[in-house]
Amino acid sequence: MEDSVVADTSPLTASFTSSAEELNAAVALHVRALRTGRGWSLDELSGRSGVSKGMLVQIEGARTNPSIGTLSRVADAFGVTVARLLEPAVDRTVHVSDYDEAPVLWRGGRGGTARLLRGLQDTELWDWRLAPHEAHSPDDHRPGTREVISVLAGTLVVTVGGEEHTVYAGQTIDLIADRTHTYENPTDVPARFMMLVTMPPREHDRRLIRQRP
């Protein structure tokens with residue numbers, strides 16, 4: 001199976017109103033606020049995330065365009081989603097966005113894409129498109145993570161723990177996603193599906209929730 005995951009090594013991409021500068025500014029604001037809110041030094045965040053202190057300084061200064069792989073490690077250290085780090089700096093009661101504003105966080109070797117449409121706390125909404133005979137194997141998710149996938153067009157084969165499940169347009173599959181799994185389009189026509197990802201809060205966040213009045 002061919003799988004080119006530029007999201008692990010390439011910077012975030014967006015178009016029109018969500019410029020790279022706006023995304024970097026939002027990431028800088030949220031990373032700095034989450035780190036200082038927990039009382040962590042840059043060294044501690046570096047140790048927890050596996051991201052170098054120098055890179056974290058660049059991120060908090062909005063002086064770099066970090067890869068999705070880097071953001072995933074930072075988000076996981078905080079116990080939040082990548083979408084949480086990409087939220088606009090200005091709080092909005094209601095936010096309507098165009099499809100083209102959503103950042104492309106994965107590009108397949110055959111032309112497929114994955115856009116993060118929206119993220120709320122521990123929930124993410126994605127739009128996935130797989131080209132014919134294209135596949136993707138996600139990184140390991142946090143224990144307890146679940147995915148709900150609704151196929152809009154084409155055919156999708158979802159392999160979980162070595163067992164294949166064929167899902168056709170109009171069908172929905174949900175799965176525990178904290179184990180090895182793969183999405184594949186085995187046909188000669190493109191496939192498109194929407195994905196809802198839900199992640200349980202980490203233990204640190206549970207303690208914060210219990211302490212709230």
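The notes below deal with the structure included here. (Residues numbered from 1 in each chain as written. Predicted model: local features only at pLDDT ≥ 70, side-chain atom pairs only at ≥ 80, totals over all residues. Heavy atoms only, no water.)

Thoughts on the overall build of the chain
Worth spelling out the cut-off: Put simply, DSSP marks the helices as runs of H or I at least four residues long and the strands as runs of E at least two long, and each gets a number from the N terminus on. Relative accessibility decides the category of a residue: with a 1.4 Å probe and only protein chains considered, values under 20% of the type maximum give buried, values over 50% give exposed, and everything between is partly exposed. Contact criterion: two residues are considered in contact whenever any of their non-hydrogen atoms come within 4.5 Å of each other. Per-residue and other accessible areas were derived by the Shrake-Rupley procedure at a 1.4 Å probe size, with only the shown protein chains allowed to occlude residues.
Tallying secondary structure elements over the chain gives six helices and 10 strands in all. In the chain, which comprises 213 residues, the share counted as buried stands at 42%. Look at the contacts in the chain between residues 6 or more apart in sequence, and 66% of them connect residues 24 or more apart. With an accessible surface of roughly 10,900 Å², the chain has 51% of that area assigned to carbon and sulfur atoms.

A closer look at the pairing of strand S3 (residues 123-130)
Operational definition: One requirement defines pairing of two strands: DSSP has to find at least two bridges between them.
One ladder, built from seven bridges, connects strand S2 (residues 113-120) with S3; its direction is antiparallel. Paired with Arg115 across the strands is Asp127, a residue of S3. With eight bridges connecting them, S3 and strand S10 (residues 191-198) associate as antiparallel partners. Residue pairing across strands places Arg129 opposite Arg192, the latter belonging to S10.

Observations regarding helix H1 (residues 20-37)
In an α-helix, one turn spans 3.6 residues; hence positions three or four apart end up facing the same way. What counts is decided by this rule: Under the convention used throughout, the expected extent of a helix is 1.5 Å for every residue step, that is, one less than its residue count.
Over its 18 residues, H1 runs 25 Å from end to end, which matches the ideal 26 Å to within 8%, given 1.5 Å per residue. Regarding H1, the residues found buried are Leu23, Asn24, Ala26, Val27, Ala28, His30, Val31, Leu34 and Arg35. Packing partners of the buried residues in H1 comprise helix H2 (42-49), helix H3 (53-60), helix H4 (68-78) and helix H5 (82-86). With its phi angle positive at about 75°, Gly39 sits one or two positions after the end of H1.

Points about the packing of H1 against H4
A packed helix pair is summarised by two numbers, namely the angle formed by the two axes and the spacing between the axes. To be explicit about the condition: Every axis corresponds to a line fitted to the C-alpha atoms, with the helix fit spanning only the stretch in contact, and the corresponding angles, defined between N-to-C directions, vary from 0 to 180 degrees. Should an angle fall under 35 degrees it is called roughly parallel, over 145 degrees roughly antiparallel, and 65 to 115 degrees roughly perpendicular, with every other angle called oblique. Helix crossings fall into two classes, left-handed where the near helix is turned counterclockwise from the far one by less than a right angle and right-handed where it is turned clockwise. Residues are grouped as follows: Ala, Val, Leu, Ile, Met, Phe, Trp, Tyr, Cys and Pro are nonpolar; Asp, Glu, Lys and Arg are charged; all remaining types, including Gly, are polar.
One way to put it is that H1 packs onto H4 with a least axis distance of 11 Å and a crossing angle of 30°. The orientation of H1 relative to H4 falls into the category roughly parallel. Handedness of the H1/H4 crossing: left-handed. Residues Val27, Val31, Leu34 and Arg35 of H1 lie in contact with H4, whose contacting residues are Leu71, Val74 and Phe78. In terms of residue class, the contact of H1 with H4 is built from six nonpolar, no polar and one charged.

Digging into the environment of Lys53
Its place among the elements puts Lys53 in helix H3. The partly exposed category is assigned to Lys53, whose relative accessible area is 39%. Each C-alpha atom of the pair Lys53 and Ser41 lies 9.7 Å from the other, and the pair is 12 residues apart in sequence. In this structure, Lys53 is in contact with Leu42, Asp43 and Ser46, ignoring residues within four places of it in sequence.

Some thoughts on the packing of aromatic side chains
Put simply, the rule is: Side-chain rings of Phe, Tyr and Trp (the six-membered ring for Trp) are treated as a pair once their centres are within 6.5 Å; stacked means planes under 30 degrees apart, edge-to-face means over 60, and tilted covers the remaining angles.
This model, assessed by the stated rule, comprises six aromatic pairs. Judged by centre distance (5.4 Å) and plane angle (10°), the rings of Trp40 and Phe78 are stacked. Highlighted residues: Trp40 in the loop between H1 and H2 and Phe78 in helix H4, separated in sequence by 38 residues. Here Trp40 matches Phe78 in class, with each residue buried. Between Trp106 and Trp128, the ring centres sit 5.2 Å apart and the planes meet at 40°, which makes this aromatic pair tilted. Highlighted residues: Trp106 in strand S1 (residues 104-107) and Trp128 in strand S3, separated in sequence by 22 residues. Exposure remark for Trp106: the relative accessible area of 3% places this residue in the buried category. Given a relative accessible area of 5%, Trp128 falls into the buried group.

So, the pairing of strand S7 (residues 163-168)
Pairing of strand S6 (residues 155-160) with S7, which is carried by six bridges, proceeds in the antiparallel orientation. Paired with Thr159 across the two strands is Glu164, which belongs to S7. From the end of S6 to the start of S7, which pair antiparallel, there are two residues, and Gly161 there has a positive phi angle of about 60°.

Some points on the sheet that holds S6
The four strands lie next to each other as S4-S9-S6-S7, forming an open sheet whose pairing is antiparallel. Single-partner strands in this sheet number two, and they are strand S4 (134-136) and S7. Between one strand and the next, the sheet's axes are offset by a mean angle of 20°, whatever the strand orientation. Where S6 and strand S9 (residues 181-185) come together, four bridges link them in antiparallel fashion. Across the sheet, residue Val160 finds its bridge partner in S9, namely His181.

None of the figures reported here should be taken as evidence of function without further support.
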